[in-house]
Amino acid sequence: MPDPVPELLKAKGPMLASAVARLLVEGGVSPAAARQRVSRAASRGQVHRHRGLNLPNRDSFLWAPGQKNDAEFWEGLARALRSKNSIHAIAADALAARGGIVREEDFNRFSGAPRKLTKQVSAGRVREGLTAVGALHQIAEPDGAVRLLLHHDWPGFYLDGDGAARGRDLAERVVIDGTGEWLRRTGLGAFNLVKTDSSPGGAEFGHFDWALTAPSYVVPIGRPGDDKNRKTGFVTVDVLLGDDLTDRHIAFFLRKVSVLRNLSNTPPFLAVLVAGGYDRSALQAGQRAGVLLLTPDHLFGGGTGAALRELVKTLTNAGAVAAKNPDKLAQLLGTLSKIEGAAESLRGPLFELLTAHLAKKLHGGGVEVREPVNLPDGRQTDVDVLCKLGRTDVWLIECKTVSPGKAVDDDLVKKWVFEQIPLLRAWLDMRPDLREQKHHFEFWTSGELSADALTLLTAAAGAKKYAVGWKDGAAVEAALADTRNAPLRKVFREQFRKHPLNRLTD
């Protein structure tokens, strides 16, 4: 007679050990005998067991041989963890809401777990548990950043590509910085004490990481008065720019709020979540929890949310936008300019799109933005703009933005000449479609080039096997003038060439 434990798993899919035992009891087996059968099946290797998920009563997750990593496995794991309100499921569902990928430094914030707190699973342990079961993977980006990637079969999400992930990060950055200014302007947060996740030490409150935190003396959060009688409250803000978020997607935020409100020494605080949109279940959950659920339109005016969604789409397909509609980001910049600091955050992507547009105008062919470069020895980078003209020429352009009137750091030029070009040449030699073309390496900046940088570039241009070129801000502006695209030239002058103080006098 076959063992009923693996047969149950094959019939009903992977599940918790406690669920298997319950099914055996329903079939007439005593509770003690059911637990013994589950334990015996696992010890004999008839089923596989995973224990590292901090489940109540030392419960574990079981699956039959051959079930690991198929869609049924991940559906069973998600269902099991959600049934226990597991912090691991809460973290995974938060990642799913933002395309299944998150920067390593942002994981703590979206995990719903504290850095370290008595009787609570830490964010580090959550990451370890999800990694151990295979639900979370670590990937290195060409720029040296590390991202954590949710398994693509986790129920309920579609994986973002590299461009979409970068666009989402940038859109959230715009909202976080803009919300910080909103807290300052309204007086809801103490003006000089607003912290964001990019501040030194991050934005921590009550052992949890947030997108923003600020002390507040606004009644009833805090209590104004002199230094002796003043009582400090706090405002905590999270930002997750997913659309139509469900109660499951915002559970990471609600859990942080719940844990803190159940601690006796937590000062009063107002919890705010900013997202692209919420469904009814999320709005009802937020109302029950007494938190504030906002959208970018609430904070910055109508149309902002749509512009942020369009920003993500634009950066997802940057090459196509640069070729066909290069003033798209300029239009978005105009819409998003109502958010304080948005222009500064968008200057890098805008310059890359402008460069890609100019490269296509100057050389023809196809253009790509942020082309990834991976070598067999593990070295990684990316090409800011790659322009390929049939089988004859290929241009690899490095883009560097600086504040108006400033010169590029000479060390960046030196690194590009002595490290980046050799790395890119090794990559080109690996590419049959690019190996035989004439290779052009170019360094473009929105600012100035020092005399030392020009000397270095001029010496590099003496190479015989490839070409080296460069453009400073004046040369880029002149090239834009030749395209006769007045709106793009105006945006370039406003954002890259004109000093902020001079803009005020126009």
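The structure contained in this document is the topic of the report that follows. (Residues numbered from 1 in each chain as written. Predicted model: local features only at pLDDT ≥ 70, side-chain atom pairs only at ≥ 80, totals over all residues. Heavy atoms only, no water.)

Here we look at the pattern of salt bridges
According to the stated counting rule, one finds 31 salt bridges in the structure shown. As a salt-bridge pair, Asp 93 and Arg 248 come within 4.0 Å of each other at their nearest N and O atoms. Of this pair, Asp 93 sits in helix α5 (residues 87-97) while Arg 248 sits in the loop between β11 (233-240) and α9 (251-261), placing them 155 residues apart in sequence. Asp 93 sits in the buried class, given a relative accessible area of 3%. A salt bridge links Asp 243 to Arg 309, with the shortest nitrogen-to-oxygen separation between them at 3.2 Å. Of this pair, Asp 243 sits in the loop between β11 and α9 while Arg 309 sits in helix α12 (residues 304-316), and the two are 66 residues apart along the sequence. Assessed through its relative accessible area of 39%, Asp 243 is described here as partly exposed. A residue is classified by how much of its surface remains accessible, and Arg 309, at 36% relative accessible area, is partly exposed. (Salt bridge = Lys/Arg side-chain N within 4 Å of Asp/Glu carboxyl O. Helix = DSSP H or I, 4+ residues; strand = E, 2+ residues; numbered from the N terminus. Buried < 20%, exposed > 50% of the residue type's maximum accessible area, 1.4 Å probe, protein only.)

Observations concerning unusual backbone geometry
Between Val 219 and the following residue, Pro 220, the backbone shows a cis peptide bond with an omega angle of 10°. Mapped onto the fold, Pro 220 is located in the loop between β10 (212-216) and β11. Its identity as a non-glycine residue notwithstanding, Asn 85 has a phi of 50°, on the positive side. Examined against the element boundaries, Asn 85 turns out to sit in the loop between α4 (71-83) and α5. Taking relative accessible area as the criterion, Asn 85 reaches 59% and is therefore assigned exposed. Unusually for a residue other than glycine, Lys 119 sits at a positive phi of about 70°. One can find Lys 119 in the loop between α6 (107-111) and α7 (123-132). Among the residues examined, Lys 119 registers a relative accessible area of 83% and is labelled exposed.

Regarding the packing of aromatic side chains
All told, the structure shown has 13 aromatic pairs when counted by the stated rule. When the ring of Trp 63 is compared with that of Phe 73, the centres are 5.2 Å apart and the planes differ by 90°; the resulting orientation is edge-to-face. Here the residue Trp 63 occupies a position in strand β3 (residues 61-63), and Phe 73 occupies one in helix α4, the gap between them amounting to 10 residues. Accessibility expressed as a relative area gives 8% for Trp 63, which makes it buried. Both rings, one in Phe 205 and one in Phe 234, keep their centres 4.9 Å apart while their planes meet at 35°; by these two values the pair is tilted. Of the two residues, Phe 205 is situated in strand β8 (residues 204-205) and Phe 234 in strand β11; the sequence distance between them amounts to 29 residues. A network of ring pairs unites the aromatic residues Phe 61, Trp 63, Phe 73 and Trp 74 as a single cluster. Sitting over the face of the ring of Trp 210, Lys 256 holds its NZ or CZ atom 4.2 Å from the ring centroid. Lying across the ring of Phe 269, Arg 261 places its NZ or CZ 5.4 Å from the centre. (Phe/Tyr/Trp six-rings, centres within 6.5 Å; stacked < 30°, edge-to-face > 60°. Lys NZ or Arg CZ within 6 Å of the ring centre and 35° of its normal.)

Brief notes about the nonpolar core
Counting 75 residues, the largest nonpolar core has Val 20, Leu 77, Phe 107, Trp 154 and Phe 253 as its most contacted members. Considering each element in turn, this core owes the most residues, 9 residues, to α5. Not counting chain neighbours up to four residues away, the residues in contact with Trp 154 comprise Trp 74, Leu 77, Ala 78, Leu 81, Arg 82, Ala 89, Ala 92, Asp 93 and Ala 96. (Core = buried A, V, L, I, M, F, W, Y, C linked by side-chain atoms within 4.5 Å. Contact = heavy atoms within 4.5 Å.)

Things to note about the side chain of Ser 122
Along the chain, Ser 122 turns up in the loop between α6 and α7. On the accessibility criterion, Ser 122 (16% relative accessible area) is buried. When near neighbours in sequence (up to four residues on either side) are disregarded, Ser 122 contacts Ala 113, Pro 114 and Arg 115.

Remarks on the environment of Tyr 217
You can see Tyr 217 is positioned in the loop between β10 and β11. Judged by its relative accessible area of 28%, Tyr 217 falls in the partly exposed class. Distance from Tyr 217 to Gly 233, taken between C-alpha atoms, is 6.1 Å for residues 16 residues apart in sequence.

Everything listed here is a matter of coordinates, which is why it stays silent on function.
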